[in-house]
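An overview of the molecular structure
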Amino acid sequence: MAGFDSDPKAHPYEPTQISDVDTEPQTASTTEYKRHPVYSPSEWLLESISSILALFLLIGIAIIFWYMDNKPLSAWRGGISLNATVSILTTACTTALMYGVSAFIGQSKWLHFRNGPRKLTDFETFDGASRGVWGSILLLTTVKWNIATIGGFVTILRLAFSPFAQQVVLIEQRPVISPANTVTFGYAHNYTMNEHGSLSNSGIKSIPQDPQMQSAIFQGLYGVNTTEPFNCPGECRWTDSYISLGFKAECRNVTQETLQAPSCEVGRTGLQRCNMTTPGGVAVSTNYAQTDLATAFYMNASSLVEFDQSRVGLLPQTFPEIARIGIYRSSPDYNFRMLGINVTECSLSLAAYEYTGVKANGSDFSVKRREVDFGVKNPWGILNARRESKFQHVYTNESTSGDIHIPRLEMSYSGIYALVNFFQSTTMATEWVDGNFENTGLGVAATLKGDVDLGDRFDKMATAMTNYVRYGPNTQSAHGERIQSEAFVSIRWGYFIVPIVTEGLAILFAILSILSNRRSRRVPLWKSSTLAVLACEHKEHLGLLHTTGKDLDEIEDEAKKAKVVLR
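Residues numbered from 1 in each chain as written. Predicted model: local features only at pLDDT ≥ 70, side-chain atom pairs only at ≥ 80, totals over all residues. Heavy atoms only, no water.

- An unreviewed UniProt entry annotates the protein as Acid phosphatase protein originating from Penicillium nordicum.

Observations concerning the overall build of the protein
- Across its full length, the protein carries 15 helices and 21 strands.
- Scored against the burial criterion, the 567 residues of the protein give a buried share of 43%.
- Contacts in the protein between residues far apart in sequence, at least 24 positions, make up 71% of those at least 6 positions apart.
- Put simply, the protein shows about 30700 Å² of open surface, and 54% of that area lies on carbon and sulfur atoms. (Helix = DSSP H or I, 4+ residues; strand = E, 2+ residues; numbered from the N terminus. Buried < 20%, exposed > 50% of the residue type's maximum accessible area, 1.4 Å probe, protein only. Contact = heavy atoms within 4.5 Å. Areas by Shrake-Rupley, 256 points an atom, 1.4 Å probe, with all protein chains shown as cover.)

Here's the deal with unusual backbone geometry
- Residue Pro320 follows Phe319 across a cis peptide bond; omega there is 20°.
- Mapped onto the fold, Pro320 is located in the loop between strand E9 (293-303) and strand E10 (321-332).
- Even without being a glycine, Asn70 presents a positive backbone phi close to 60°.
- Following the sequence through the fold, Asn70 ends up in the loop between helix H3 (45-68) and strand E1 (71-72).

Let's talk about the state of the cysteines
- For the structure on display, the rule yields three disulfides.
- Between Cys232 and Cys236 runs a disulfide, and the two sulfur atoms are separated by 2.0 Å. Here Cys232 and Cys236 share a disulfide; its torsion about the S-S bond, 100°, makes the bridge right-handed. By the burial criterion, Cys232 is buried, and Cys236 matches it.
- For Cys251, the disulfide goes to Cys346, at an S-S distance of 2.0 Å. What sets the handedness of the Cys251 and Cys346 disulfide is the S-S torsion sign, and at about 110° it is right-handed. Highlighted residues: Cys251 in strand E5 (residues 242-253) and Cys346 in strand E11 (residues 338-361), separated in sequence by 95 residues.
- With a relative accessible area of 1%, Cys346 lands in the buried category. (Disulfide = S-S within 2.5 Å.)

What about the sheet that holds strand E14 (residues 393-396)?
- The strand order across the open sheet built from four strands is E3-E17-E14-E13, with neighbouring strands paired in mixed fashion. The sheet is open, and its two borders are formed by strand E3 (190-191) and strand E13 (380-383), each paired with just one other strand.
- Pairing between E14 and strand E17 (residues 409-412): four bridges, direction antiparallel. Of the residues in E17, the one forming a bridge with Tyr395 is Glu410.
- Relative to E17, helix H10 (residues 413-424) is tilted by about 60°, and along the sheet it contacts E3, E14 and E17. (Pairing = 2+ DSSP bridges. Axes fitted to C-alpha atoms, helices over the stretch in contact; angles between N-to-C directions.)

Looking at the pattern of salt bridges
- Applying the stated criterion across every chain, the model contains twelve salt bridges.
- Across the salt bridge formed by Lys248 and Glu371, the nearest N and O atoms sit 3.1 Å from each other. Of the two residues, Lys248 sits in strand E5 while Glu371 sits in strand E12 (residues 364-371), which places them 123 residues apart along the sequence.
- Judged by relative accessible area, which is 22%, Lys248 ranks as partly exposed.
- The shortest N-O distance in the salt bridge between Glu354 and Arg370 comes to 2.6 Å. Taken as a pair, Glu354 in strand E11 and Arg370 in strand E12 lie far apart in primary sequence, 16 residues in all.
- Judged by relative accessible area, Arg370 falls into the partly exposed class, the value being 43%. (Salt bridge = Lys/Arg side-chain N within 4 Å of Asp/Glu carboxyl O.)

Digging into the nonpolar core
- Within the largest apolar cluster, 56 residues are counted, with the highest numbers of intra-cluster contacts made by Ile217, Phe247, Ile322 and Phe458.
- Sequence-distant contacts of Ile217, that is, excluding residues within four places in its chain, are made with Leu419, Phe422, Phe423, Met428, Met461 and Met465.
- If you look at the next biggest cluster of nonpolar residues, it comprises 46 residues, including Trp44, Met68, Phe104 and Ile105. (Core = buried A, V, L, I, M, F, W, Y, C linked by side-chain atoms within 4.5 Å.)

Section: the UniProt feature "transmembrane region" (unreviewed entry) in the protein
- Listed under "transmembrane region" (unreviewed entry) in the UniProt record, and renumbered for this structure, are residues 49-68, 80-105 and 493-515.
- End C-alpha atoms of residues 49-68 are separated by 28 Å, and the span's content is 100% helix alongside 0% strand.
- Split by type, residues 493-515 is 83% helix and 0% strand. Its first and last C-alpha atoms lie 33 Å apart. (UniProt positions renumbered as here; feature names shortened; annotations may be inferred.)

Points about empty space enclosed by the protein
- Overall, the coordinates contain two cavities of 30 Å³ or more when judged by the stated rule.
- By volume, the second largest cavity is sized at about 30 Å³.
- Every residue lining the second largest cavity is listed: Tyr191, Met193, Gln209, Asp210, Met213, Gly415, Ala418 and Leu419.
- Per-element tally for the lining of the second largest cavity: the top contributor is H10, with three residues.
- A breakdown of the residues in the lining of the second largest cavity according to their chemical character gives five nonpolar, two polar and one charged. (1 Å grid on protein atoms, 1.4 Å probe; cavity = no way out; pocket = protein on both sides within 12 Å on 5 of 7 lines; lining within 4 Å. Points joined across faces, edges and corners; volume = space filled by probe spheres on them. Nonpolar A, V, L, I, M, F, W, Y, C, P; charged D, E, K, R; others polar.)

Considerations on the packing of helix H7 (residues 147-168) against helix H13 (residues 497-516)
- Close contact between H7 and H13 brings their axes to 8 Å; oriented N to C, the two are set at 155°. Classified by the interaxial angle, the pair formed by H7 and H13 is roughly antiparallel. Between H7 and H13 lies a crossing of left-handed hand. Two secondary-structure elements touch here, H7 through Ile147, Ala148, Ile150, Gly151, Val154, Leu157, Arg158, Ala160, Phe161, Phe164 and Ala165 and H13 through Val498, Pro499, Val501, Thr502, Leu505, Ala506, Leu508, Phe509, Leu512, Ser513 and Ser516.
- The residue inventory of the contact of H7 with H13, partitioned by class, reads 17 nonpolar, four polar and one charged. (Parallel < 35°, antiparallel > 145°, perpendicular 65-115°, else oblique. Left-handed = near helix turned anticlockwise from the far one by under 90°.)

A word on the side chain of Asn342
- Here Asn342 is to be found in strand E11.
- A distance of 2.8 Å separates the side chain of Asn342 from the side chain of Thr344, its partner in a polar contact.
- Ignoring any residue separated from it by four or fewer positions in sequence, one finds Asn342 in contact with Asn253, Thr255, Ile327, Tyr328 and Arg329. (Polar contact = N/O pair within 3.5 Å; in protein donor to acceptor, adjacent residues only side chain to side chain.)

With respect to the packing of aromatic side chains
- Summed over the entire model, instances satisfying the criterion amount to 19 aromatic pairs.
- Plain terms: the ring middles of Tyr191 and Tyr468 are 6.2 Å apart, the flat faces sit at 75° to each other, and that makes the pair edge-to-face. Highlighted residues: Tyr191 in strand E3 and Tyr468 in helix H12 (residues 454-471), separated in sequence by 277 residues.
- On the basis of relative accessibility, which here comes to 14%, the residue Tyr468 falls in the buried class.
- When the ring of Phe230 is compared with that of Phe365, the centres are 4.9 Å apart and the planes differ by 25°; the resulting orientation is stacked. Within this pair, whereas Phe230 is found in the loop between helix H8 (211-221) and strand E4 (235-238), its partner Phe365 is found in strand E12, the two being separated by 135 residues in sequence.
- According to the relative accessible area criterion, Phe230 is buried, its value standing at 13%. (Phe/Tyr/Trp six-rings, centres within 6.5 Å; stacked < 30°, edge-to-face > 60°.)

The structure is reproduced here in structure tokens:
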């Protein structure tokens with residue numbers, strides 16, 4: 001028998017193992033697993049810390065969002081950018097969050113098998129769910145929903161955590177408005193011409209001219225476009241309204257009235273000279289010689305600022321109109337017939353304008369301008385009425401008209417005289433005759449004859465004169481606001497729902513997992529440990545996972561001492 005036993009081939013049968021298949025071993029339901037105090041790392045200390053840390057990180061991200069909402073990006077004083085900070089915090093938050101979730105899912109498999117017979121493949125499904133998204137999808141679709149289902153959802157939502165947190169922050173360019181002393185444009189309530197060089201015995205016709213005013217008149221009549229001399233470093237606006245002293249011009253066609261009764265004389269040479277008067281009292285003359293010459297342009301002006309001696313201390317009844325200009329134009333043909341005869345009468349008056357909605361951007365300047373309605377025909381009065389007229393001033397009292405506050409406006413009478421003198425001079429009052437005629441007083445005939453729109457040119461002239469008053473010797477600065485484009489942070493809280501829901505489910509999962517795996521449930525606290533699997537024995541004929549009562553620390557200690565090799 002001894003020799004027989006020494007030959008394994010001589011006895012091909014293994015010893016029979018006998019067990020009672022009808023009765024489950026008592027140790028299967030009575031095994032007690034060692035547990036530790038709740039603050040022990042072997043229990044839920046590390047997982048609790050990671051869950052709490054993830055919650056605090058999420059709160060920290062929310063505080064950053066709240067602090068930066070509707071603030072300029074420059075308000076962020078961090079050493080790294082706002083987006084980078086949010087990215088770092090969200091990565092840290094999901095890392096801390098998933099540390100606990102993975103452990104809770106791993107522990108859920110032991111509870112899953114403790115609660116009743118389960119497929120052995122569920123062991124691998126739970127293990128995969130504790131490691132990534134695909135395993136969590138398999139857990140949700142192949143295993144009956146249980147407490148680990150919450151962990152599966154958290155693992156999947158974790159993918160959207162960081163992208164949605166990044167979407168919360170929207171950086172957009174917004175206009176930032178701030179007052180700036182360098183943002184100015186001009187307006188004036190007064191125009192007092194500089195009269196240096198005028199002797200005390202100078203008369204009205206000897207009042208010095210203002211060359212800048214003359215330049216403005218020519219710019220308007222010649223249609224020269226000039227830029228507003230404002231100051232604006234970039235984009236600016238002025239929100240107030242401003243009243244400024246100025247001029248206005250009005251033109252009308254008086255051809256029919258003027259040509260009704262001309263007074264004509266024929267000289268010895270056959271030259272016919274006709275004199276006419278416009279309805280406004282401006283004298284207009286023409287020259288004509290058959291087959292020789294014909295007047296194409298004639299311009300003259302009359303003064304409306306001379307005082308009536310019977311009205312001492314009062315302005316002329318026509319005020320604030322200060323001058324009238326009559327312009328005769330025709331287009332002589334080759335037979336020296338005067339065709340297309342037109343007579344226009346223009347008036348020049350003092351006025352005031354309200355400027356609103358002033359904006360500037362680079363070299364562009366826009367403004368809404370409207371003439372101020374004083375509510376009376378003539379709001380002007382005169383100062384120093386007893387003195388010589390060249391030392392007098394005209395003014396308007398401070399008043400209110402509708403919703404407009406009108407400040408006191410003032411202008412020297414010498415400045416008015418200087419303007420009228422200029423329009424009556426040969427520089428402006430000129431004649432141009434086509435044909436055999438020597439034209440010496442050229443004036444402004446070249447720019448106004450023909451079919452030029454006189455109303456438009458005189459409007460431009462009045463505007464140029466007004467702009468000069470605004471920026472002239474009595475200018476005031478209207479200070480505005482600078483508009484700068486600056487990056488602002490806008491927080492879109494709707495996107496933050498995904499991180500909040502993810503964190504909320506993780507906290508709920510942590511609480512339920514800790515409660516479900518309490519000591520009284522007699523479940524091994526092995527979490528996701530691979531070594532713990534080696535402590536299980538699958539008894540296929542009984543349908544059991546037979547385990548020992550060892551805790552994870554004991555299993556790890558034994559694993560450190562054991563050496564194994566794969567065969």
